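# Structural description and commentary
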Amino acid sequence: MATILVVDDDDLFRELLCTSVARHGHEALGAGTLARARRLLAGQAVDVVYLDVRLPDGSGALALEELRAVTDPPEVIIVTGQGDPDGAELALRCGAWDYIEKPASVDRMTLPMLRALAYRTEKRRQRIPALPETSGIVGKSTRLASCLAQAGMAASSGVDVFITGETGTGKEIFARAIHASGGRAQGPFVVVDCTTLPGNLAESVLFGHERGSFTGADRKQAGLIEQADGGTLFLDEVGELPLAIQAKFLRVLQERSYRSVGGGQVRKSDFRLVAATNRDLAAMAGRGEFRQDLLYRLGAFCLELPPLRERDGDIKTLLDWRVAQFSARTGRPAPEPSPEYLELLLSHDWPGNVREFLQSVDMSMVSALGEAMLLPQHLPLELRVRLMRGSVASRGFAEARQQLDDMAVLGPWREHRARLLDKGEALYFSSLMAQTGGDVALASELSGLKTARLYELLGKHGLVKGRRPPAYFPENPE
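Residues numbered from 1 in each chain as written. Predicted model: local features only at pLDDT ≥ 70, side-chain atom pairs only at ≥ 80, totals over all residues. Heavy atoms only, no water.

## Things to note about the layout of surface pockets
Quantified by volume, the second largest pocket comes out at close to 400 Å³. G168, T169, G170, K171 and I173 are the residues nearest the centre of the second largest pocket, which is lined by 23 residues in total. Elements represented by at least two residues in the lining of the second largest pocket include exactly α7 (171-181), β10 (232-236), α13 (314-330) and α15 (353-367). With four residues, the top contributor of residues to the lining of the second largest pocket is α7. Its residues assigned to classes, the lining of the second largest pocket shows ten nonpolar, six polar and seven charged. (1 Å grid on protein atoms, 1.4 Å probe; cavity = no way out; pocket = protein on both sides within 12 Å on 5 of 7 lines; lining within 4 Å. Points joined across faces, edges and corners; volume = space filled by probe spheres on them. Helix = DSSP H or I, 4+ residues; strand = E, 2+ residues; numbered from the N terminus. Nonpolar A, V, L, I, M, F, W, Y, C, P; charged D, E, K, R; others polar.)

Next comes the structure, spelled out in structure tokens:
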């Protein structure tokens, strides 16, 4: 007997569906809100969840990732009373078993449950390997947990995998983890960086060449495809693969056979393909920059990695892991991140994702070597400047707007303009010095002003106390 949870705020629909579930010999639980559903899920294991999209306390589609992130996730069937193509796509991408639009017959509602239960039974008979702990993939967010589960499935299936995600999200780390967890772990892991393939020699690098096949080919050379035999071929940034090579590589994927440059014999290479890109290949194919048929062939199993800004809670987890790593490597006590340091890390959107984050933390620990606490001052200067610039600009605009709203009397435009400019200038430099803690060098870098000019403007608004601003020298004295 399985346990089925029906989450829907329509009391009548919920009761009818629970009755239908019970008639099939399974235990039925009902919840009218997400909060109630979370309490039920915390108290017992559930096999299948019927989940309404629109609930009084949130979106079922957005809660789907949370439900799928537990150790033994239930199969989720999304139910909605309003057709929503975007919601359906989101649900399926997040791992929903099916998407049903109300009204629907009892058979239409219960058949997906029976199929899902049969699938779970078969899945439990098979051992799906988890990714190795040494993979270097760190984090506990629901988005990352979902990716880890999909990667485990991909590793056990042996199918080709297509990994997408922004730069720095860990595509190669996932590729290596999938290789290490699959049946080809003892074979080679061959990396092809498509961004560095030489245009005129790309075919030779991939397929190999025979002696004398072109000028400079003084000996026979095995290609990367041959080297990957029995293992995994990782095509990094596959969107950069030259168009001239794409048609030939498509045939390799279809037949796992190839000819070396200058060779007449067809050779076999039994490899698993893992391809990765940070580009929109569908858009490139629409512009004729990437072959549509190759794109279809790559997409056997797609794994989309989330950016760091969408991995709630993982910044603190990554920080603790990196600090502990640094301490173990250097033999020094791990410095404690200050609240201000952590706040800055959390406030940044990390366009370079995990790669940028780890590099920034590493530089912080080098700067703080021997100190007991990590402070904002230990972060790389360029990062501090970007963070401060955003903070100063947003605060300055907000306060200037408030002052405009508070003005009851407006005079002539020329006087009004001069007054606003003067107030805005004073507000900017006051915020600048507050945010930089009085650090003139950082304030100069942030504002883009020469130090002498900065002192002059600070003095104009009474922000340099007990000091006389140095004489201002024009930036172009000629």
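## Side note on α13
Compared with an ideal rise of 1.5 Å per residue, which puts 17 residues at 24 Å, α13 spans 24 Å between its outermost C-alpha atoms and is within 8% of the ideal. At its buried positions, α13 is contacted by α6 (142-157), β15 (336-337), α14 (339-347), α15 and β16 (373-374). Count one or two residues on from α13 and you reach G331, which has phi positive near 75 degrees. (Expected span 1.5 Å × (residues − 1). Contact = heavy atoms within 4.5 Å.)

## Points about the sheet that holds strand β9 (residues 189-193)
The strand order β9-β10-β13-β8-β14 describes an open sheet built from five strands, whose pairing is parallel. Every other strand in the sheet has two partners, leaving β9 and β14 (302-304) as the edge strands with one partner each. Sheet twist, expressed as the average angle between the axes of neighbouring strands with direction ignored, equals 20 degrees. Here β9 pairs with β10 via five bridges, running parallel. Looking across to β10, one finds that F189 is bridged to T232. The sheet strands contacting α6 are β8 (161-164), β13 (272-277) and β14, and the helix crosses β14 at an angle near 155 degrees. (Pairing = 2+ DSSP bridges. Axes fitted to C-alpha atoms, helices over the stretch in contact; angles between N-to-C directions.)

## Some remarks on empty space enclosed by the protein
Summed over the entire model, instances satisfying the criterion amount to one cavity of 30 Å³ or more. Of the voids in this model, the largest cavity is the one considered here, and its volume is about 40 Å³. As for the largest cavity, its lining consists of F207, G208, H209, E210, K220, Q221, A222, G223, E226, Y258, S260 and R267. Tallied by class, residues from the lining of the largest cavity come to three nonpolar, five polar and four charged.

## Thoughts on the side chain of E237
Within the secondary structure, E237 is located in the loop between β10 and α10 (243-255). Buried and unpaired, E237 has no salt bridge, with K171 as the nearest side chain of opposite charge at 4.3 Å. Those residues in contact with E237 that sit more than four places away from it in its chain are K171, C194, T195, A276, T277 and N278. (Buried < 20%, exposed > 50% of the residue type's maximum accessible area, 1.4 Å probe, protein only. Lys, Arg positive; Asp, Glu negative; His and termini not counted. Salt bridge = Lys/Arg side-chain N within 4 Å of Asp/Glu carboxyl O.)

## Here's the deal with the packing of α13 against α15
Axis separation between α13 and α15 bottoms out at 10 Å; the angle between their running directions is 45 degrees. Classified by the angle between their axes, α13 and α15 sit oblique to one another. Where α13 crosses over α15, the two elements pack in a sense that is right-handed. Here I315, L318, L319, W321, R322, V323 and F326 of α13 lie close against α15, whose contacting residues are V354, F357, L358, V361, D362, M365 and V366. In the contact of α13 with α15, the residues fall into twelve nonpolar, no polar and two charged. (Parallel < 35°, antiparallel > 145°, perpendicular 65-115°, else oblique. Left-handed = near helix turned anticlockwise from the far one by under 90°.)

## With respect to the sheet that holds strand β1 (residues 3-7)
Taken together, the five strands give an open sheet; going across it, the order is β2-β1-β3-β6-β7, and neighbouring strands pair in parallel fashion. Only two strands of the sheet have a single partner each, and these edge strands are β2 (27-31) and β7 (98-101). On average, adjacent strands in this sheet sit at an angle of 20 degrees to one another, irrespective of strand direction. Judged from the four bridges that link them, strand β6 (residues 75-80) and β7 form a sheet pairing that is parallel. By the bridge assignment for β7, T80 is matched with E101. Lying on the sheet, helix α1 (residues 11-23) is in contact with β1, β2, β3 (48-52) and β6; it crosses β2 at an angle near 170 degrees.

## Side note on the environment of L454
Within the secondary structure layout, L454 lies in helix α19 (residues 451-460). Under the relative-accessibility criterion, L454 is labelled buried at 0%. C-alpha separation for the pair L454 and F429, spaced 25 residues apart in sequence, amounts to 8.9 Å.

## Let's talk about the pattern of salt bridges
Evaluated as defined, the whole model comprises 22 salt bridges. The partner of K460 in a salt bridge is D422, with the nearest N and O atoms 3.9 Å apart. Of this pair, K460 sits in helix α19 while D422 sits in helix α17 (residues 413-435), and the two are 38 residues apart along the sequence. With a relative accessible area of 52%, K460 lands in the exposed category. Judged by relative accessible area, D422 falls into the partly exposed class, the value being 36%. In this structure, E456 and R453 form a salt bridge, with 2.4 Å as the shortest nitrogen-oxygen distance. Separated by three residues within a single helix, E456 and R453 lie in helix α19, roughly one turn from each other.

## Topic: the nonpolar core
Counting 31 residues, the largest nonpolar core has I225, L233, F249 and L298 as its most contacted members. Those elements giving two or more residues to this core turn out to be β9, α8 (202-207), α9 (224-227), β10, α10, β13, α11 (281-286) and α12 (292-298). At five residues, α10 tops the list of elements feeding residues into this core. Contacts of I225, omitting those with residues within four sequence positions, involve L206, F207, L233, F249, V252, Y258, S269 and F271. (Core = buried A, V, L, I, M, F, W, Y, C linked by side-chain atoms within 4.5 Å.)

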